[in-house]
Amino acid sequence: MESEEHMIETGAAAAEIELERKLELLLDEMVASSPAAPPDFAARAATRRPFAAWEVRLASAWKVPALAGAGLLSASAAVFVAPLGQLAPQAALTVWGNLVTAALSSSASAAFSAAPALAAAGEVLRGSVTPALGLLVLGSGAIFGAATFASLRRRTARAPH
Amino acid sequence: MPSRRRWGNSTILPALGLFLTSLFLGAAPAISTPASAGPTGVVPPGSRVEGDVTSLGRDLDVSGTVAGTVVATWGSVRVGGHVTGSVVAVGGDVTIFGEGRVDGDVLALGGEVRFVGAASASRSVGGTVRSLGALESAFLAELRTSPVAGAAVSLLLLSFRIFLLLLWLAAALLLLRLQPRTVAGAADTAPGRVVTLGAIGTSTVLSGLLLSAGLLLVIPARIGLVLASVVAAALYGAKIWGLSVLSLATGRRLLRSARRGSPLFGDPAAMTAGLLALGLPSLFPVFGPLFWALVSLVAIGVAVRVLALREEPQTAASARAAA
């Protein structure tokens, strides 16, 4: 618990923690002043409270995500290595790492290197259609997007509060 | 009858978008300059076209000579003849076969570049060959040049898909860690009917497509390309944001019985469960990519809906503060 509290950052989270402490004190006072309330009322109320946003700063909240992430990484490597019986596991893992890195980085670099060819193709396309058609397509996109957004806003305004 | 009106709005808008898109595609033969009409533009053997050849929404078959650049949008290009400029296919493949020759560059955006028969990149293309598709295509391209090219491709591809799922999980969790209140608040307000959210997402993607196409047709290409990239980046950002919110909302429903003290309690665990519930089915062949496309549309719909409702939580917060 001590180490978890060290994980908590200052600022908004600290203010929220202070608020929670005050709430616990208030609950304890209620229990003390009300004989009808059971002695563990404050603890029970605390365990029933929903997850608070500041709690994402606690390391304990990340056990399941860490486990799932490790599981996905292991599964990805295992599925890759499994069909490569002729390679040693270490060599297969190296190939897997290199392939994944190359696939991700080559996409980004290819996008940049293809920009001049795309720009040239854009000029060719622009020259082959009338400006009116281009404006019509652009206007349709803008009006259609605005209509989608406006219909959502209207629905919000109509919704009962 | 508010529910009927909602159903109507949610279906009319994407239907209108599809209609507009198909209208422009239908107008394609009138605005493109291939040598013949019909579903495929053909430059027949022995013929010569001076200048650029473009097509919108249909394939191009170049068996003669084109003294210029060939550009196909939402269509594929087959080259068995000679193109003195470059060949670009947006949303389609480029296939060079036999004695086909391209003096400039060959680029397939959202498709692949293939060489058939005697054709090859070094023999048939004077410039560079590039294909920009999904990350999976890049992985397959890298795989073909690796020492494991002969191995079971489906398993290797599955491995990459699992890795991509891990990246999606990391991105969603990073958003939750950096903006816990915003993401959690959005997950509270975003849920709605899946059909409605999917329709909003479809409408948004279609308007993005029309906007990008319009920008490229109206503004000088370099600026138009930058602006179209901004539109694409915005859609991608909406997908990442919406998927985080959707995963959290889904996970909260799945783990609603988890109590404080349990490792499954809390938003990080809920987001993980939600993303796995949405992402794992996408690993299945055939059905998986279709499912993921639908999830992506719903996610974009969630992001747009949250954006439209963004004043709602503030109002609620100020009401609470006033109380």
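Reading the values: rules and limits
- Residues numbered from 1 in each chain as written.
- Chains lettered and ligands numbered in written order.
- Predicted model: local features only at pLDDT ≥ 70, side-chain atom pairs only at ≥ 80, totals over all residues.
- Helix = DSSP H or I, 4+ residues; strand = E, 2+ residues; numbered from the N terminus.
- Contact = placed C-beta atoms within 7 Å.
- Axes fitted to C-alpha atoms, helices over the stretch in contact; angles between N-to-C directions.
- Nonpolar A, V, L, I, M, F, W, Y, C, P; charged D, E, K, R; others polar.
- Pairing = 2+ DSSP bridges.
- Domains from an automatic or database assignment.
- Core = buried A, V, L, I, M, F, W, Y, C linked by C-beta atoms within 7 Å.
- Buried ≥ 20, exposed ≤ 12 C-beta atoms within 10 Å, placed from the backbone.
- Parallel < 35°, antiparallel > 145°, perpendicular 65-115°, else oblique.
- pLDDT = per-residue confidence, 0-100.

**Concerning the overall build of chain A**
The secondary structure content of chain A amounts to 7 helices and 0 strands. When the elements of chain A are put in sequence order from the N terminus, they spell out α-α-α-α-α-α-α.

**A few points about the overall build of chain B**
Check the secondary structure of chain B and you find 11 helices and 14 strands. Contacts in chain B between residues far apart in sequence, at least 24 positions, make up 38% of those at least 6 positions apart.

**Remarks on the packing of helix 4 (residues 63–81) of chain A against helix 9 (residues 267–279) of chain B**
At a minimum axis separation of 7 Å, helix 4 of chain A and helix 9 of chain B run at an interaxial angle of 35 degrees. The residues of helix 9 of chain B that touch helix 4 of chain A, namely those facing V64, P65 and A68 of chain A, are P268, A269, T272 and L276 of chain B. Taken together, the residues that form the contact of helix 4 of chain A with helix 9 of chain B break down as 6 nonpolar, 1 polar and no charged.

**Overview of the sheet that holds strand 6 (residues 70–73) of chain B**
Residue and element names in this part refer to chain B. Ordered in space as 3-6-9-12-14, the 5 strands form an open sheet in which the pairing is parallel. Single-partner strands in this sheet number two, and they are strand 3 (53–56) and strand 14 (129–132). With direction set aside, neighbouring strand axes in the sheet form an average angle of 5 degrees. Across 4 bridges, the pairing between strand 9 (residues 87–90) and strand 12 (residues 106–109) is parallel. The residue of strand 12 that forms the bridge with V87 is V106.

**Digging into the domain arrangement of chain B**
Each assigned domain of chain B is listed here: domain 1 (41–133) and domain 2 (153–322). The gap between the C-alpha centroids of domain 1 of chain B and domain 2 of chain B is 37 Å.

**Examining the nonpolar core**
Among the nonpolar cores identified, the biggest contains 118 residues, and V70, V77, V87, A172 and V245 of chain B are the most heavily contacted of them. Considering each element in turn, this core owes the most residues, 13 residues, to helix 5 (residues 153–178) of chain B.

**Notes on the sheet that holds strand 11 (residues 101–102) of chain B**
All names here are of chain B. With parallel pairing, the 4 strands of this open sheet are ordered in space as 2-5-8-11. Two strands close off the open sheet at either side, each with one partner strand: strand 2 (48–50) and strand 11. For strand 5 (residues 65–67) and strand 8 (residues 82–83), the ladder comprises 2 bridges, and the chain directions are parallel. The residue of strand 8 that forms the bridge with T65 is H82.

**A short note on the packing of helix 7 (residues 194–218) of chain B against helix 8 (residues 221–254) of chain B**
Residue and element names in this part refer to chain B. Running from N to C, helix 7 and helix 8 cross one another at 170 degrees; their axes reach a closest spacing of 8 Å. Comparing their axes, helix 8 and helix 7 come out roughly antiparallel. Packed against helix 7, whose contacting residues are V205, G208, L211, S212, L215 and L216, the element helix 8 presents A221, G224, L225, L227, A228, V231, A232 and L235 at the interface.

**A word on the confidence of the model for chain B**
All names here are of chain B. On average, chain B scores 81 in pLDDT, and the residues at 70 or more come to 80%. Of all helices and strands in chain B, the one with the weakest mean pLDDT is helix 2 (residues 28–31) (42), whereas helix 9 scores best (95). Taken together, the stretch residues 28–37 has pLDDT below 50 and engages in 30 contacts with residues farther than four places along the chain or on a different chain. Between residues 313–323, whose pLDDT stays under 50, and residues either more than four places distant or in other chains, the model counts 2 contacts.

**Some thoughts on the environment of A37 of chain A**
All names here are of chain A. Mapped onto the elements, A37 comes out in the loop between helix 2 (12–33) and helix 3 (41–48). A sequence separation of 52 residues divides A37 from P89, and the C-alpha atoms of the two residues are 62 Å apart. Not counting chain neighbours up to four residues away, the residues in contact with A37 comprise M30 and V31.

**Looking at the interface of chain A and chain B**
With 66 residues of chain A at the interface, the matching set in chain B holds 82 residues. Breaking the side of chain A that touches chain B down by element, the ones donating at least two residues are helix 4, helix 5 (89–113), helix 6 (115–128) and helix 7 (131–158) of chain A. Looking at which element gives the most residues to the side of chain A that touches chain B, the answer is helix 7 of chain A, with 19 residues. Of the residues assigned to the side of chain A that touches chain B, the class counts are 45 nonpolar, 15 polar and 6 charged.

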